[in-house]
Amino acid sequence: MTGSPDRAVMALIGVGLAVWVIYRIYIWLQSSPRSFLQDHIPLNKEIISHPALNLLENAGYEVVGGKLKIPLSFNVDGAPLYSRLFVDYIAEAENGTQYLVILARPRRPLEWTGSMMRDMLLPYLLIYPEVGGLLYVNAAAGTVNLITFGRDDGEND
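All figures in this text were calculated on a predicted structure; none of them were measured in a lab.

*Asks:* I would appreciate a short explanation of the pairing of strand β3 (residues 79-87) in the present structure.
*Replies:* Here is the key point about a regular strand: its side chains alternate between the two faces of the sheet. Of the strand pairs in this sheet, strand β2 (residues 68-76) and β3 are connected by nine bridges, and their pairing is antiparallel. From the neighbouring strand, L68 faces β3, where its bridge partner is V87. Counted along the chain from β2 to the antiparallel partner β3, the turn is two residues long, and its residue D77 has a positive phi close to 50°.

In structure tokens:
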């Protein structure tokens, strides 16, 4: 197998470079004067009724805010691109910790894998790092899942 060590070295360099780029973006977002990361969660006082509200209440959370639209903008080679993230509710535990609430969508099911958590949910936790986590509510199944973010120390390989 010729070339295997070369591929492994290139893959390692690529992973290292990707981690460094993500880290630099994170640092840049924290230092930006208009950074979302330095803002507190805005609360939308209009809370639209949904079966998930009872599930959250039964799980020990109080819904304190309604739907939020988080505008995002990107600049790619001088061309602006826009997108947004949506949070369905903001809930608060008895100890005062706030959580972002995302409702399950039939058209966009969540697979319970690390890569799916990263791809679908990590942006929320990076934008508002002061939250205690994310509550994923599947009203049809009657479940409330608490998702928190942590770093892997490398010992789980």
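*Asks:* Before we go on, may I ask you to explain the packing of aromatic side chains in this structure?
*Replies:* We describe a pair of aromatic rings using the distance from one ring centre to the other and the angle between the two ring planes. Counted according to the given criterion, the structure contains two aromatic pairs. Aromatic side chains Y61 and Y99 sit 5.4 Å apart centroid to centroid with 80° between the ring planes, which places their arrangement in the edge-to-face category. Of the two residues, Y61 is situated in strand β1 (residues 61-65) and Y99 in strand β5 (residues 98-103); the sequence distance between them amounts to 38 residues. You'll find Y61 and Y99 in the same group, each marked buried.

*Asks:* Honestly, the nonpolar core in this entry has me stumped. Any pointers?
*Replies:* When a protein is soluble and globular, its nonpolar side chains tend to lie buried together. Ranked by internal contacts, the top residues of the largest apolar core, which has 23 residues, are L100 and L134. Only β2, β3, β5, α3 (114-127) and β6 (133-138) provide two or more residues apiece to this core. Counting residues per element, this core draws most heavily on α3, at seven residues. The residues touching L100, leaving out its near neighbours within four places in the chain, are I41, V87, Y89, I90, Y124, Y128, V131, G133, L134 and L135. Grouped together as the second largest cluster of nonpolar side chains are 13 residues, L53, L56, V63 and L135 included.

*Asks:* What is the right way to read the sheet that holds strand β4 (residues 89-93) from this model?
*Replies:* Whenever strands of a sheet pair, they do so through backbone hydrogen bonds, lying parallel or antiparallel. Spatial ordering of the open sheet is given by β1-β4-β5-β6-β7, a layout of five strands whose pairing is mixed. Two strands close off the open sheet at either side, each with one partner strand: β1 and β7 (143-147). Taking the axes of each pair of neighbouring strands and ignoring which way they run, one obtains an average angle of 35° across the sheet. Bridge count between β1 and β4: four bridges; the pairing is antiparallel. Residue G65 lies in a different strand from β4, and its bridge partner there is I90. In the packing of helix α2 (residues 51-58) onto the sheet, contacts are made with β1, β4, β5, β6 and β7, and the angle to β6 comes to roughly 125°. Most of the contacts of α3 go to β6, to which it runs at about 125°, and overall it touches β5, β6 and β7.

*Asks:* Where do I start with the pattern of salt bridges in this structure?
*Replies:* Pairing between side chains of opposite charge can happen when their charged atoms approach one another. Applying the stated criterion to the full structure yields three salt bridges. Across the salt bridge formed by D88 and K67, the nearest N and O atoms sit 3.0 Å from each other. With D88 in the loop between β3 and β4 and K67 in the loop between β1 and β2, this residue pair connects regions lying 21 residues apart in the sequence. For D88, a relative accessible area of 7% gives the class buried. What makes K67 partly exposed here is its relative accessible area of 41%. Residue D88 pairs with R105 through a salt bridge whose shortest N-O separation is 2.8 Å. One end of the pair, D88, is in the loop between β3 and β4; the other, R105, is in the loop between β5 and α3, and 17 residues separate them in sequence. Connected through shared salt-bridge partners, K67, D88 and R105 make up one network.

The rules behind these values
Residues numbered from 1 in each chain as written. Predicted model: local features only at pLDDT ≥ 70, side-chain atom pairs only at ≥ 80, totals over all residues. Heavy atoms only, no water. Pairing = 2+ DSSP bridges. Helix = DSSP H or I, 4+ residues; strand = E, 2+ residues; numbered from the N terminus. Phe/Tyr/Trp six-rings, centres within 6.5 Å; stacked < 30°, edge-to-face > 60°. Buried < 20%, exposed > 50% of the residue type's maximum accessible area, 1.4 Å probe, protein only. Core = buried A, V, L, I, M, F, W, Y, C linked by side-chain atoms within 4.5 Å. Contact = heavy atoms within 4.5 Å. Axes fitted to C-alpha atoms, helices over the stretch in contact; angles between N-to-C directions. Salt bridge = Lys/Arg side-chain N within 4 Å of Asp/Glu carboxyl O.

Interpretation in functional terms is not warranted from these geometric data alone.
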